[in-house]
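# Coordinates in review
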Amino acid sequence: MRHVISVLMENAPGALSRVVGLFSARGYNIETLTVAPTEDNTLSRLTMVTLGSDEVIEQITKHLNRLVDVIKVVDLTEGPHLERELMLIKVRAVGKEREEMKRMADIFRGRIIDVTDKAYTIELTGDQGKVQAFIDALDRSAILETVRTGVSGIGRGERILKL
């Protein structure tokens, strides 16, 4: 099962390395990883997507909580939450393809953020399903380059991850 785990941790050298090391030492895979400082510059929020049974995720959570730099761990998939991913995708746009790429960007509520005579760069935000659906809707030969941020997630309503 897919889980989105958020970790509030100290914004200190080596903290991210220790979290990633915990996963690799136990043979767990991280599907996506996003980390950045929070509103408090001494803290960072790490959001990762991993696959595993409830028992495996419980073990991961216990191990994460034992790390010195980790302050709080929440499995966002245990309750209502929001997820978003940002993708920048450069596509070939020559001749009749230009209008088709613009139409596809509009359908998926993407924005063309860079235009050259041979390519468009499109910015698209949404859940992983939407981002992947956009890629799947394109002709593979039209895709020149793709960059994805990975999932960022937050609990809905009053559910917060804070000290």
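In this text the structure is predicted, and so the values were computed from the model without any measurement.

Once that is clear, we can look at the overall build of the protein chain. If you tally the helices and strands in the protein chain, you get four helices and nine strands. Helices and strands in the protein chain line up, N terminus first, as β-α-β-β-α-β-β-α-β-β-α-β-β. On the principal axes, the C-alpha backbone points of the protein chain span a range of 55 × 35 × 35 Å. Residues counted as buried form 38% of the 163 residues belonging to the protein chain. For the protein chain, contacts bridging at least 24 residues in sequence account for 73% of all contacts bridging at least 6. Put simply, the protein chain shows about 9300 Å² of open surface, and 53% of that area lies on carbon and sulfur atoms. Separation between the mean location of the 23 positive side-chain charges and that of the 24 negative ones in the protein chain comes to 2 Å.

What links the strands of a sheet is backbone hydrogen bonding, and the strands pair in either a parallel or an antiparallel sense. Pairing is antiparallel across the open sheet formed by four strands, whose spatial order is 2-3-1-4. Only two strands of the sheet have a single partner each, and these edge strands are strand 2 (30–37) and strand 4 (70–75). Between one strand axis and the next, the sheet turns through 15 degrees on average, direction left out of account. As defined by bridge partners, strand 2 adjoins strand 3 (residues 43–51) across seven bridges and the pair is classed as antiparallel. When the bridges of strand 3 are listed, Ala 36 appears paired with Arg 45.

Moving on, we come to the packing of helix 1 (residues 15–25) against helix 2 (residues 54–66). Two elements in contact, helix 1 and helix 2, have axes separated by 11 Å at closest approach and are oriented at 145 degrees. Where helix 1 crosses over helix 2, the handedness of that crossing is right-handed. Contacts between helix 1 and helix 2 involve Val 19, Leu 22 and Phe 23 from the former and Ile 60, His 63 and Leu 64 from the latter. The class makeup of the residues in the contact of helix 1 with helix 2 is five nonpolar, one polar and no charged.

Taking 1.5 Å of rise per residue, 13 residues should cover 18 Å, and helix 2 covers 19 Å from first to last C-alpha, within 8% of that figure. Buried within helix 2 are the following residues: Ile 57, Ile 60, Thr 61, His 63 and Leu 64. On an axial view of helix 2, the arc spanned by its buried residues comes to 165 degrees, and they lie on one face. Along helix 2, the residues that are exposed and aim more than 90 degrees away from the buried face are Glu 55 and Arg 66. As for helix 2, its buried residues are in contact with strand 1 (2–10), helix 1, strand 3 and strand 4.

A cluster of nonpolar side chains, Leu 16, Val 20, Leu 33 and Val 35, forms an exposed patch at the surface whose accessible area comes to about 250 Å². Among the secondary structure elements, those contributing two or more residues to the nonpolar patch are helix 1 and strand 2. Relative to the helices and strands, Leu 16 is located in helix 1. Classification of Leu 16 as partly exposed rests on a relative accessible area of 32%.

Thresholds applied
Residues numbered from 1 in each chain as written. Predicted model: local features only at pLDDT ≥ 70, side-chain atom pairs only at ≥ 80, totals over all residues. Heavy atoms only, no water. Helix = DSSP H or I, 4+ residues; strand = E, 2+ residues; numbered from the N terminus. Buried < 20%, exposed > 50% of the residue type's maximum accessible area, 1.4 Å probe, protein only. Contact = heavy atoms within 4.5 Å. Areas by Shrake-Rupley, 256 points an atom, 1.4 Å probe, with all protein chains shown as cover. Lys, Arg positive; Asp, Glu negative; His and termini not counted. Charge placed at Lys NZ, Arg CZ, Asp CG, Glu CD. Pairing = 2+ DSSP bridges. Axes fitted to C-alpha atoms, helices over the stretch in contact; angles between N-to-C directions. Left-handed = near helix turned anticlockwise from the far one by under 90°. Nonpolar A, V, L, I, M, F, W, Y, C, P; charged D, E, K, R; others polar. Expected span 1.5 Å × (residues − 1). Arc of directions from axis to C-beta. Patch = residues over 30% accessible without salt bridge, like charges linked within 9 Å, V, L, I, M, F, W, Y side chains within 5 Å. Salt bridge = Lys/Arg side-chain N within 4 Å of Asp/Glu carboxyl O.

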